[in-house]
Amino acid sequence: MATLLLTNISQLNTVDAAHTVITDAAVLIEDGLISWVGTAAEAPASDEVHDLGGRAVLPGWVDSHSHLIFAGDRAEEFAARMAGQSYAAGGIAVTTEATRAQTDTQLADLVAARRREALAMGTTWMETKTGYGLNLSEETRHAALAKPLVENLTFLGAHLVPAGQDADEYTALVAGPMMDAVAANVDFVDVFCERGAFNEEQTRTVLTSAVAHGIATKVHGNQLGPGPGVKIAVEFGSASVDHVNYLDQEDVDALAGTWTGWDAATRTGDVGTVATCLPACDLSTRQPLAPGRELLDAGVQIALASNCNPGTSYTSNMNFCVATAVLQMHLSLDEAIEAATYGGALALGVADQVGSVEVGKRADLHVLDAPVAAHLAYRPGMNLTHSVYQGGALVNAG
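Note that the structure is predicted; figures quoted are calculated from it, not measured. (Residues numbered from 1 in each chain as written. Predicted model: local features only at pLDDT ≥ 70, side-chain atom pairs only at ≥ 80, totals over all residues. Heavy atoms only, no water.)

Draft legend 1. Just the overall build of the protein, in detail. Tallying secondary structure elements over the protein gives 14 helices and 17 strands in all. Expressed as a percentage of its 398 residues, the buried residues of the protein come to 57%. Within the protein, counting contacts between residues at least 6 apart in sequence, those at least 24 apart form 72% of the total. Approximately 14,600 Å² of the protein is accessible, and the part contributed by carbon and sulfur atoms is 52%. Between the averaged position of the 20 positive side-chain charges in the protein and that of its 47 negative side-chain charges there is a distance of 5 Å. (Helix = DSSP H or I, 4+ residues; strand = E, 2+ residues; numbered from the N terminus. Buried < 20%, exposed > 50% of the residue type's maximum accessible area, 1.4 Å probe, protein only. Contact = heavy atoms within 4.5 Å. Areas by Shrake-Rupley, 256 points an atom, 1.4 Å probe, with all protein chains shown as cover. Lys, Arg positive; Asp, Glu negative; His and termini not counted. Charge placed at Lys NZ, Arg CZ, Asp CG, Glu CD.)

Draft legend 2. A look at the environment of Ser-306. Summarising the element assignment, Ser-306 is placed in the loop between β14 (302-304) and α11 (318-328). For the pair Ser-306 and Ser-46, spaced 260 residues apart in sequence, the C-alpha separation works out to 36 Å. Of note is the side chain of Ser-306, whose polar atom sits 3.1 Å from the backbone nitrogen of Cys-308. (Polar contact = N/O pair within 3.5 Å; in protein donor to acceptor, adjacent residues only side chain to side chain.)

Draft legend 3. Representation of the sheet that holds strand β6 (residues 123-129) within the structure. Judged by pairing direction, the sheet is parallel, and its eight strands sit side by side in the order β5-β6-β7-β8-β9-β10-β13-β14 without closing on themselves. Looking along the sheet, the strands with just one partner apiece sit at the ends: β5 (61-63) and β14. The sheet shows a mean angle of 25° between the axes of neighbouring strands, taken without regard to direction. Lying over the sheet, α11 contacts β5, β6 and β14, oriented at roughly 95° with respect to β5. (Pairing = 2+ DSSP bridges. Axes fitted to C-alpha atoms, helices over the stretch in contact; angles between N-to-C directions.)

Draft legend 4. How the structure looks around the packing of aromatic side chains. Tallied over the full model, the rule gives four aromatic pairs. Ring centres 5.5 Å apart and planes at 70° place the aromatic pair Phe-70 and Tyr-314 in the edge-to-face group. A residue pair is termed long-range when its members are at least 10 positions apart, and Phe-70 in the loop between β5 and α1 (75-82) and Tyr-314 in the loop between β14 and α11 qualify at 244 residues. In this structure Phe-70 comes out as buried when scored by relative accessible area, which is 0%. Here the aromatic rings of Tyr-170 and Phe-198 are separated by 6.3 Å at their centres, their planes lie at 35°, and the arrangement is tilted. On the criterion of sequence distance, the pair formed by Tyr-170 in helix α5 (residues 167-182) and Phe-198 in the loop between β8 (188-193) and α6 (200-212) is long-range, its members being 28 residues apart. Cluster of aromatic residues (ring-pair linked, three or more members): Phe-70, Tyr-132 and Tyr-314. One residue, Arg-267, lies across the ring of Tyr-342, its end atom 3.6 Å from the ring centre. (Phe/Tyr/Trp six-rings, centres within 6.5 Å; stacked < 30°, edge-to-face > 60°. Lys NZ or Arg CZ within 6 Å of the ring centre and 35° of its normal.)

Draft legend 5. Summary view of the sheet that holds strand β1 (residues 3-13). Spatially, the seven strands line up as an open sheet ordered β3-β2-β1-β4-β15-β16-β17, and their pairing is mixed. One side of each edge strand has no neighbouring strand; the edge strands of this open sheet are β3 (33-39) and β17 (393-397). Ignoring which end each strand starts from, the neighbouring axes of this sheet average 35° apart. For strand β16 (residues 385-390) and β17, the ladder comprises four bridges, and the chain directions are antiparallel.

Draft legend 6. Structural detail: a negative patch on the surface. A cluster of acidic side chains, namely Glu-30, Asp-31, Asp-47 and Glu-48, defines a negative patch on the protein surface. Among the structural elements, Asp-31 can be located in the loop between β2 (21-30) and β3. On the accessibility criterion, Asp-31 (54% relative accessible area) is exposed. (Patch = residues over 30% accessible without salt bridge, like charges linked within 9 Å, V, L, I, M, F, W, Y side chains within 5 Å. Salt bridge = Lys/Arg side-chain N within 4 Å of Asp/Glu carboxyl O.)

Draft legend 7. Structural context of the packing of helix α4 (residues 136-146) against α5. It is the contact of α4 with α5, at a shortest axis distance of 9 Å, that shows an interaxial angle of 25°. By the angle between their axes, α4 is roughly parallel relative to α5. The two elements α4 and α5 meet at a crossing, and its hand is right-handed. Counted together, Leu-136, Glu-139, Thr-140 and Ala-143 of α4 and Pro-177, Met-178, Ala-181 and Val-182 of α5 form the full contact between these two elements. Here the residues of the contact of α4 with α5 are counted per class, giving six nonpolar, one polar and one charged. (Parallel < 35°, antiparallel > 145°, perpendicular 65-115°, else oblique. Left-handed = near helix turned anticlockwise from the far one by under 90°. Nonpolar A, V, L, I, M, F, W, Y, C, P; charged D, E, K, R; others polar.)

Draft legend 8. View of the side chain of Thr-130. Relative to the elements of secondary structure, Thr-130 occurs in the loop between β6 and α4. Within the structure, the side chain of Thr-130 is placed 2.9 Å from the backbone nitrogen of Leu-156, a separation counted as a polar contact. Apart from the residues lying within four places of it in its own chain, the contact partners of Thr-130 are Ile-69, Glu-139, His-142, Ala-143, Thr-154, Phe-155, Leu-156 and Gly-157.

Draft legend 9. Expanded view of the side chain of Gln-301. Along the polypeptide, Gln-301 turns up in the loop between α10 (292-297) and β14. Classification of Gln-301 by relative accessible area gives buried; the value is 15%. When neighbours within four sequence positions are excluded, Gln-301 is seen to be in contact with Trp-259, Trp-262, Ala-264, Thr-273, Val-274, Ala-275, Glu-338 and Leu-346.

Draft legend 10. Summary view of the pattern of salt bridges. Enumeration according to the criterion identifies 16 salt bridges in this entry. Note that Lys-231 is salt-bridged to Glu-200, the shortest N-O span being 3.2 Å. Highlighted residues: Lys-231 in helix α7 (residues 229-235) and Glu-200 in helix α6, separated in sequence by 31 residues. Taken together, the salt bridges that share partners define one network made up of Glu-200, Arg-204, Lys-231 and Glu-235.

Draft legend 11. View of unusual backbone geometry. Of note in this structure, Asn-8 is not a glycine but carries a positive phi near 60°. Its identity as a non-glycine residue notwithstanding, Arg-286 has a phi of 55°, on the positive side. Looking at the secondary structure, you find Arg-286 in the loop between α9 (279-285) and α10. Taking the relative accessible area as the measure of exposure, Arg-286 reaches 55% and is therefore exposed.

Structure below.
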């Protein structure tokens, strides 16, 4: 197989278990995988060489929570929220109507364009969710058309109870016919366990069905106030619980308890429930930022994700999420980068494939137009993505 050497890397943040940072580094790629990592002076011969011009390199971002399958615009809702109106889950219905009106081709084109936009900013692995269909035919359609467009797909039929429908009857539809229809196309099942959405009993009904179908689970939990989301996610052994803005000590302890069999120093053992923090959403909804610092200190593995969606976080810029985590959530730069790469990979069950720059992993690399990674937070809001490699291929060149 032909080999490609990326060299003249000023700083390589590998995000491996030892948090290795290599200066004047190089990476060898073969057949789409990383085959060697080290200093440029020791680099092996290769068929092709890309000189990265003294730029910093990171693993590609792993965005483990997004909602790309939508049409329409909710800028007026955003403006109203910024003017002091409180956020409620009901705005989802506005997007549902616009999304249902799209043809398959139109909707697929929208999803693909958003995926390309994220890729251009360094996101090389991305999850997205259904949830703007909210009936059997639409949720089935969305799952089928989105499956080839993203790396992981999540069924979120339990996003909101459609207006005029009985909540328990709709829950039964999600857990029954909808689940049957989408099961072959999805990797996870998620539930918006929140006031104005699904209560504890309804959440359990959907997750129980997911388990019966052999599908891994996630939970939108504790976003708008204290609630049972974390407790349920821990009980079901969910891959992640996302938002986690309002946690009490019992919630933190419960999450930490899922990680007692995990050795962070060697990254071996039993993977627990990842707490996914969504700082762009927190800013857009004026919710308190998720307590990422406290979760890390308690031994909980966290992820950072964009929550890209039309109502509460209309951005897929993970650079922005990392900067916010450093500047406002009190994470160190290394902690924020790890949460946006390896943490996201843990939340999606793909940490053996992506999330760090290590031999044998997919060659997903994010080249910054900066000499060191600290510029992500040092120069917040700047477009620092120079180029992106996905599976060893140059997919975005600055």
